[in-house]
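This is what each chain is made of:
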Amino acid sequence: MLGYNNTIQYGVELAPPFGKFSFSFDYGKGKGSQNLNKYVKKNQAENINTEYRGEIKMYFSDWFPFAGLDKKPFGRYYSVEYIQGKYERTAEMATGIGGVQLPSYAKFDLVPYTERSQTIHFKFGKHIHLHKHLFLDAYGGLGMGKYTSIEEVSDPDE
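(A) Seen up close, the packing of aromatic side chains. According to the stated counting rule, one finds two aromatic pairs in the structure shown. Both rings, one in Y27 and one in Y52, keep their centres 5.3 Å apart while their planes meet at 50°; by these two values the pair is tilted. Separated by 25 residues along the polypeptide, Y27 in strand β2 (residues 21-31) and Y52 in strand β3 (residues 48-59) bring together distant segments of the chain. In this structure Y52 comes out as partly exposed when scored by relative accessible area, which is 47%. Lying over the aromatic face of Y77, K57 brings its terminal NZ or CZ to 4.6 Å of the ring centre. Over the ring of Y139 we find K123, and its NZ or CZ is 4.0 Å from the ring centre.

Below you can see the structure in the form of structure tokens.
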């Protein structure tokens, strides 16, 4: 909620009673007006963030002497995660003037644009039980992604 891309995620993890797999699906949406960061809340209230996330976890099991630690869906795991995000932004930019130093008469306009990202992560992790209904998911891994930014086309007659 403090970051630029604040989103509230809703999702489900399905762990079928057979095999060593579980499947997670999340949907997240956030608005700049709901951000706890005062700057974002004031200056980027119209930002809208949307994310979809899917993950397949493969749990370890029957590794002596670690078999007691490997209980699906709360054990050690490795996973593949895919995230697709769309972020609608509005930024204040100087228009019609080039150069590094802007003169005092520079005109600033609000320019809407859309950011899109696609990310894939390969993770190795473990769920650490803190309470019966509360656990910590600790993981590390590698990832790669693709990012594009599209500026909204304005009317050239303006």
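So much for the structure itself; the text now carries on.
(B) The pairing of β2, seen in detail. Alternating positions in β2 separate cleanly, S22, S24, D26, G28 and G30 being buried on one face and F21, F23, F25, Y27, K29 and K31 remaining unburied on the opposite face. In this structure, strand β1 (residues 8-14) lies alongside β2, joined through seven bridges in antiparallel fashion. By the bridge assignment for β2, V12 is matched with F25. Here β1 folds back onto β2 in antiparallel fashion, the turn holding six residues, of which G19 has a positive phi close to 75°.

(C) Region of the structure containing the environment of A45. In this structure, A45 sits in the loop between α1 (38-43) and β3. The spatial distance from the C-alpha of A45 to the C-alpha of R89 is 9.3 Å, given a sequence separation of 44 residues. The residues touching A45, leaving out its near neighbours within four places in the chain, are G32, S33 and V40.

(D) Focus on the side chain of H127. Assignment of secondary structure puts H127 in strand β5 (residues 108-131). Of the residues examined, H127 reaches a relative accessible area of 1% and is grouped as buried. Only 3.4 Å separates the side chain of H127 from the side chain of K57, close enough to count as a polar contact.

(E) Representation of the pattern of salt bridges. With the rule as written, the count across this model stands at seven salt bridges. R53 is the salt-bridge partner of E81, the closest N and O atoms lying 2.8 Å from each other. Pair noted here: E81 is in strand β4 (residues 76-94) and R53 is in strand β3, with a separation of 28 residues, a long-range link. Look at R53 and you get buried, because its relative accessible area is 19%. Across the pair E55 and K123 runs a salt bridge, and its minimum N-O distance is 3.1 Å.

Parameters at a glance
- Residues numbered from 1 in each chain as written.
- Predicted model: local features only at pLDDT ≥ 70, side-chain atom pairs only at ≥ 80, totals over all residues.
- Heavy atoms only, no water.
- Phe/Tyr/Trp six-rings, centres within 6.5 Å; stacked < 30°, edge-to-face > 60°.
- Helix = DSSP H or I, 4+ residues; strand = E, 2+ residues; numbered from the N terminus.
- Buried < 20%, exposed > 50% of the residue type's maximum accessible area, 1.4 Å probe, protein only.
- Lys NZ or Arg CZ within 6 Å of the ring centre and 35° of its normal.
- Pairing = 2+ DSSP bridges.
- Contact = heavy atoms within 4.5 Å.
- Polar contact = N/O pair within 3.5 Å; in protein donor to acceptor, adjacent residues only side chain to side chain.
- Salt bridge = Lys/Arg side-chain N within 4 Å of Asp/Glu carboxyl O.

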